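# Examination of the molecular architecture
Chain by chain, the residues:
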Amino acid sequence: MSVVSLAPAVEPEVMTPALPARDQAADSLLERFRRHAPAFHLDGSSDWSVSEETIRFLAAQVPADAATLETGAGLSTAMFALLGARHTCVTPDAGEVRPIRDFCRVAEIPTTDLGFEVDYSENALPRLKGPPLDFVLIDGGHGFPMPIIDWYYSAMRLKEGGVVLIDDTHLWSVSVLVDMLKTDDGWAHIGRVGRRAHAFRKGAPFAYKEFCFQPYVVRKSRVASIVTRVLTAFDLV
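Residues numbered from 1 in each chain as written. Predicted model: local features only at pLDDT ≥ 70, side-chain atom pairs only at ≥ 80, totals over all residues. Heavy atoms only, no water.

The next subject is the packing of aromatic side chains. All chains considered together, the criterion is met by 10 aromatic pairs. Ring centres of F57 and F135 lie 6.3 Å apart, and the angle between their planes is 55 degrees; on these two criteria the pair is classed as tilted. With a gap of 78 residues between them, F57 in helix α2 (residues 52–61) and F135 in strand β5 (residues 133–138) connect regions that are remote in the sequence. Aromatic pair F144 and W172: ring centres 5.6 Å apart, planes at 40 degrees, arrangement tilted. On the criterion of sequence distance, the pair formed by F144 in the loop between β5 and α6 (146–157) and W172 in helix α7 (residues 172–182) is long-range, its members being 28 residues apart. On the basis of relative accessibility, which here comes to 53%, the residue F144 falls in the exposed class. (Phe/Tyr/Trp six-rings, centres within 6.5 Å; stacked < 30°, edge-to-face > 60°. Helix = DSSP H or I, 4+ residues; strand = E, 2+ residues; numbered from the N terminus. Buried < 20%, exposed > 50% of the residue type's maximum accessible area, 1.4 Å probe, protein only.)

Encoded structure:
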């Protein structure tokens, strides 16, 4: 697949509207979304945007002048722009970029600091450079192991104290990541956001841990390990 990098660009028109107060940002965006009813996905035929609860969580948790990253694209992308974040959106579908930019223009949302990386995240994330991240939204590919790949590369750049929000956790390929992070002392579980997302705060420098230092892996492997030892002993006898 050819790689297309769409760097943040100044809009041809002058974007002058002031950003809404942060406690009003979610209401402002949701009202604009209902008014214009955009469909960001499948060439404008569908919309798979995040929940209203997630939009409100972004408004509450993304700090001012934040450096942010998301895998996947949709209404959340517009929310990061509305909050004034220096935002990078990674999506393999170039057809999602124009509807999002069009919605932002019509809804008078500045996009000067909004950039798109049009590529699969396993290709884009390892090469991306930039400042340490304040907030990451993982909502890209949901087939195994894509959510874990997205978390692995973005966790390296996330600041200590930064937040990762993981969407669509009702899917096994995503829930396994959530279950692991709940047992990792380097991550604090902030809680569930709506019905299908979970948020975590990074509490320690990111580093690879061997399986024996990962409580989730040890617990999930306990029965199989005992069975393997018994069978090995039986083979020796």
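From this point, the narrative continues.
This paragraph deals with the environment of M79. As for its placement among the helices and strands, M79 is situated in helix α3 (residues 75–82). Linking M79 and A59, residues 20 residues apart in sequence, is a C-alpha distance of 7.7 Å. Filtering out sequence-adjacent residues up to four positions away, M79 remains in contact with A25, A26, L29, I55, L58 and A59. (Contact = heavy atoms within 4.5 Å.)

On average, residues of the protein score 86 in pLDDT, and 84% of them are at 70 or above. Below a pLDDT of 50 lies the segment residues 1–5, which in the model reaches 12 contacts outside its immediate sequence neighbourhood of four places, other chains included. Note that pLDDT drops below 50 for residues 7–17; the model gives that stretch 16 contacts with residues more than four away or on any other chain. (pLDDT = per-residue confidence, 0-100.)

Another aspect to go through is unusual backbone geometry. Cis geometry is found at the peptide bond from F144 to P145, where omega equals 5 degrees. For P145, the position within the fold is in the loop between β5 and α6. A positive phi is found at E108, a non-glycine position, where the angle reads about 60 degrees.

Let us now look at the packing of α6 against α7. Running from N to C, α6 and α7 point in directions that differ by 45 degrees, and their axes come no closer than 8 Å. Looking at the two axes, α6 sits oblique to α7. Contacts between α6 and α7 involve P147, I148 and W151 from the former and S173, V174, V176, L177, M180 and L181 from the latter. The residue makeup of the contact of α6 with α7, split by class, is eight nonpolar, one polar and no charged. (Axes fitted to C-alpha atoms, helices over the stretch in contact; angles between N-to-C directions. Parallel < 35°, antiparallel > 145°, perpendicular 65-115°, else oblique. Nonpolar A, V, L, I, M, F, W, Y, C, P; charged D, E, K, R; others polar.)

Our focus in this paragraph is the pairing of β5. In terms of burial, β5 is a largely internal element, six of the six residues being buried. When strand β2 (residues 67–71) meets β5, the two strands line up parallel, connected through four bridges. Across the sheet, residue E70 finds its bridge partner in β5, namely L137. Of the strand pairs in this sheet, β5 and strand β6 (residues 158–167) are connected by five bridges, and their pairing is parallel. Bridging across to β6, F135 finds its partner in V163. Read from β5 through α6 to β6, the crossover connection turns out right-handed. (Pairing = 2+ DSSP bridges. Right-handed = clockwise from strand over helix to strand, strands pointing away.)

Moving on, we get to the nonpolar core. Formed by 39 residues in total, the largest nonpolar core has its most connected members in L29, M79, F103, I109, F135 and L165. Elements with a contribution of two residues or more to this core: α1 (22–36), α2, α3, α4 (97–106), β4 (114–118), β5, β6 and β8 (197–202). Element by element, the count of residues in this core is highest for α3, at six residues. Ignoring anything within four residues of it in the chain, the contact list for F135 reads F57, L58, Q61, V62, A67, T68, L69, F80, L158, V163 and L165. Judged by nonpolar contacts, the second largest core, of 23 residues, contains A67, L128, V136 and W151. (Core = buried A, V, L, I, M, F, W, Y, C linked by side-chain atoms within 4.5 Å.)

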